[in-house]
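# Secondary and tertiary structure notes
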Amino acid sequence: MDEVNSDAFDLTSLLQNDDDEPSNTEMEQAYEMFLGQLVFSTNDPRIDIMENYDLCADPKWISWLENKIGSTRDVEEKMALKDLSDMIIDVKKRVELSQAKEEREAQEAEEAEKNRIAAAEGEMETGRAMSGTDVLRKAAAVDNAGVDNMVKEQEGEQKKKTFYETDLTPEIRASYEDMCSKVLPPYRPGDSAESVVFNSYDQFDAQFIKVLNERAENGDTGSQEVLAALAMEQQKRVNAATEALKEVLSKGEPMRMEGAIVKLAKEGRIDEPFLLLLEANADQAMAAGATGPA
């Protein structure tokens, strides 16, 4: 541990040394030391990965880590290294997506500025050829257009797009590529859309469902099957949550209902649908005039 915290071996300085190409032994030692820094750090691993991003994202280091995982026989060590590798890949992908978004937005802004300048130059050319009467008519039109734009802006503020109405960006689609490959066919023998949805249910967030809906609308049959399976699974869970809530409410007394909830928790039967139904029931009771446990 002292070696890890010391400056006895600095991977950064070794890689930046352009005078001599480091030997395989030196690189092996450097990678082992760097791995130790990541594994034994008291920080969140993602923080250390970001602080050493250039090293963590280096293809040679990633390849070395994958070989390390493959050659390790200790099960716990293999799992820990695999978790670290997955985190590095995840952080690397997020950084790359963020950079791609910035580049796309910069390119769009540059294109919009070019169009604005071209439009302005076109207006100037048109203005030079206009008579005095035409100029007055143009000014009146501009004044009316300004009022119309203000009205449209006010209407736009009142009609803001909801989450489901906003468009998916290329970066959002790319960020869900791994999930798509995980839940969409082809499946391994014995798997189906239903079993995959059941096992990965908690990973189906609203954004991912938007991605699947877009693919389904474009004719992707695999996405259509998964969405159908998801709807069935959601209905099953809502039905189960409804029955669980009935069990709780049937106890009548607050203490007995609380005990029933504790029992459900021990049985692993409390999930998001149950909590949402419980909250809705409480809100309904409050709206009906309840001031405390009934």
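In this text the structure is predicted, and so the values were computed from the model without any measurement.

The next thing to look at is the packing of aromatic side chains. A full pass over the atoms with the stated rule returns 6 aromatic pairs. Between Tyr-31 and Trp-64, the ring centres sit 5.3 Å apart and the planes meet at 40°, which makes this aromatic pair tilted. Residue Tyr-31 is found in helix α3 (residues 24–40), and its partner Trp-64 is found in helix α6 (residues 59–71); the two are separated by 33 residues along the sequence. We note that Tyr-31, like Trp-64, is buried. With a centroid separation of 5.4 Å and an interplanar angle of 20°, the aromatic rings of Trp-61 and Trp-64 are classed as stacked. Taken together, the positions of Trp-61 and Trp-64, both in helix α6 and 3 residues apart, correspond to about one turn of that helix. Trp-64 carries the same exposure label as Trp-61, and that label is buried. Taken together, the aromatic side chains of Tyr-31, Phe-34, Trp-61 and Trp-64 make up a single cluster linked through ring pairs.

Turning next to the nonpolar core. Ranked by internal contacts, the top residues of the largest apolar core, which has 21 residues, are Leu-35, Ile-49, Cys-56, Trp-61, Leu-65 and Ile-88. Looking at this core, the elements that each hand over two or more residues are α3, α5 (53–56), α6 and α7 (75–128). Tallying contributions element by element places α7 first for this core, with 6 residues. Not counting residues up to four positions away in its chain, the partners in contact with Cys-56 are Phe-34, Leu-38, Ile-49, Trp-61, Ile-62 and Ile-88. Residues Met-179, Val-211, Leu-227 and Leu-230 belong to the second largest nonpolar core, which totals 20 residues.

Each value, and the rule that gives it
Position labels on residues start from 1 in each chain and follow its written sequence. Per-residue local features of the predicted model are confined to residues with pLDDT of at least 70, and side-chain atom pairs are confined, for both listing and counting, to 80 or more; whole-chain, interface and lining totals are unaffected and use all residues. For side-chain calculations, the full set of non-hydrogen atoms in the structure is used, while hydrogens and water are omitted. Classification of ring pairs uses Phe, Tyr and Trp, with its six-membered ring standing for Trp, and accepts pairs whose centres are within 6.5 Å; under 30 degrees between planes counts as stacked, over 60 as edge-to-face, and the remaining range as tilted. Only DSSP runs of H or I reaching four residues or more are called helices, and only runs of E reaching two or more are called strands; each is numbered from the N terminus. Only protein chains enter the accessibility calculation, which uses a 1.4 Å probe. A residue is then buried if its area is under 20% of the maximum for its type, exposed if over 50%, and partly exposed in between. Buried Ala, Val, Leu, Ile, Met, Phe, Trp, Tyr and Cys residues form a nonpolar core when they are joined through side-chain atoms within 4.5 Å. In what follows, a contact means two residues having at least one pair of non-hydrogen atoms within 4.5 Å.

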